[in-house]
Amino acid sequence: MSDKALGREPAIPHALPTSQDQTERFLKAGVYGVAVGEDLALMDIGADAYLCLPGGASGLGGDGSALRLFGPNAVAVVEAGLGADQAGPAIRTPPGLPSRTLIHDTAPTVSLGDVLRGLGAVRDVRRALRGDGLRPILAVASDHDRVMDRGAVAHAAKTFWRLSPWLPMEGECLVRSALLMSYLRRAGLSADWVFGVRLWPFAAHCWVQVDDLCLNDDIERLAAYTPIYCR
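S.K.: Which residues make up the overall build of the protein, and what values do they have?
M.R.: Helices and strands together make up the secondary structure of the protein, namely 6 helices and 12 strands. Relative to its full complement of 231 residues, the protein shows a buried share of 49%. A sequence separation of at least 24 residues applies to 74% of the contacts in the protein between residues at least 6 apart. Approximately 11000 Å² of the protein is accessible, and the part contributed by carbon and sulfur atoms is 52%.

Structural data, given as structure tokens:
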């Protein structure tokens, strides 16, 4: 998430229910939602923003391909410009939180090819950060037709972890994860780039994982977050 998105959690006003209110709507393409306790958190990729509907979790449903909103929650989301009458493209369900991390493992030796991939990733992310919003940054990741072999991905991630302090770029979780995703893409590999939210107080975070293995963060830090989106 960008610095613009961090700390932004405007609440969507409640809609007043009526006994005849059977409204059903979908989240529009590019908007993702997740229940956090009794509340509904929303992530709007296009606007690079997060929103919260207090008490809205009860109106959230889905069939694995689309998220539906029912009753007054649907009304509120539509009025906020985040709803649609029909389901958009199928969405990827975020994986569960990882249970292990590799950042404390012994890192392999770094080769010249690794350095060149790292510098290429820096170039990719710098170019993406000149774009507008979150979409250009997400585009540094590969499509999921790349290899997700756990052993190969873990080895590449450990190499990148050893290399990263020497790269001419630093930043918060979004930049760190974008660099790793670009590095993996350049190695012909892929992983899950997961975005999570926490409410009251609001915070957003992102990390990279494959299956239950986190590639660039401590799992203790991630325990406070609920995954909302996966690239």
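S.K.: Kindly report on the pairing of strand S4 (residues 49-53), identifying the contributing residues and their values.
M.R.: Regular strands have side chains that alternate between both faces of the sheet. Of all 5 residues in S4, 5 are buried, a share of seventy percent or more. Burial of the side chains of S4 extends over both faces: Ala-49, Leu-51 and Leu-53 are buried on one face and Tyr-50 and Cys-52 on the other. The pairing of strand S3 (residues 39-44) with S4 spans 5 bridges and is antiparallel. By the bridge assignment, Ala-41 is partnered in S4 with Cys-52. Between S3 and S4, which pair antiparallel in sequence order, lie 4 residues; one of them, Asp-48, sits at a positive phi of approximately 55 degrees.

S.K.: Describe the packing of aromatic side chains, naming the residues involved and giving the relevant values.
M.R.: Aromatic ring pairs are defined here through the distance separating the ring centres and the angle between the ring planes. Per the counting criterion, the structure on display carries 5 aromatic pairs. Here the aromatic rings of Tyr-32 and Tyr-229 are separated by 4.6 Å at their centres, their planes lie at 50 degrees, and the arrangement is tilted. With Tyr-32 in strand S2 (residues 31-36) and Tyr-229 in strand S12 (residues 226-230), the pair connects residues that are 197 residues apart, well separated along the chain. Between the aromatic rings of Tyr-50 and Phe-202, the centroid separation amounts to 5.6 Å while the plane-to-plane angle is 50 degrees, which identifies the pairing as tilted. Of this pair, Tyr-50 sits in strand S4 while Phe-202 sits in the loop between strand S9 (192-198) and strand S10 (203-210); the two residues are 152 residues apart in sequence, bridging distant segments of the chain. A relative accessible area of 2% means that Tyr-50 is categorised as buried. Put simply, the rings of Tyr-32, Trp-193, Phe-195 and Tyr-229 pair up and form one aromatic cluster.

Rules used in this analysis
Residues numbered from 1 in each chain as written. Predicted model: local features only at pLDDT ≥ 70, side-chain atom pairs only at ≥ 80, totals over all residues. Heavy atoms only, no water. Helix = DSSP H or I, 4+ residues; strand = E, 2+ residues; numbered from the N terminus. Buried < 20%, exposed > 50% of the residue type's maximum accessible area, 1.4 Å probe, protein only. Contact = heavy atoms within 4.5 Å. Areas by Shrake-Rupley, 256 points an atom, 1.4 Å probe, with all protein chains shown as cover. Pairing = 2+ DSSP bridges. Phe/Tyr/Trp six-rings, centres within 6.5 Å; stacked < 30°, edge-to-face > 60°.

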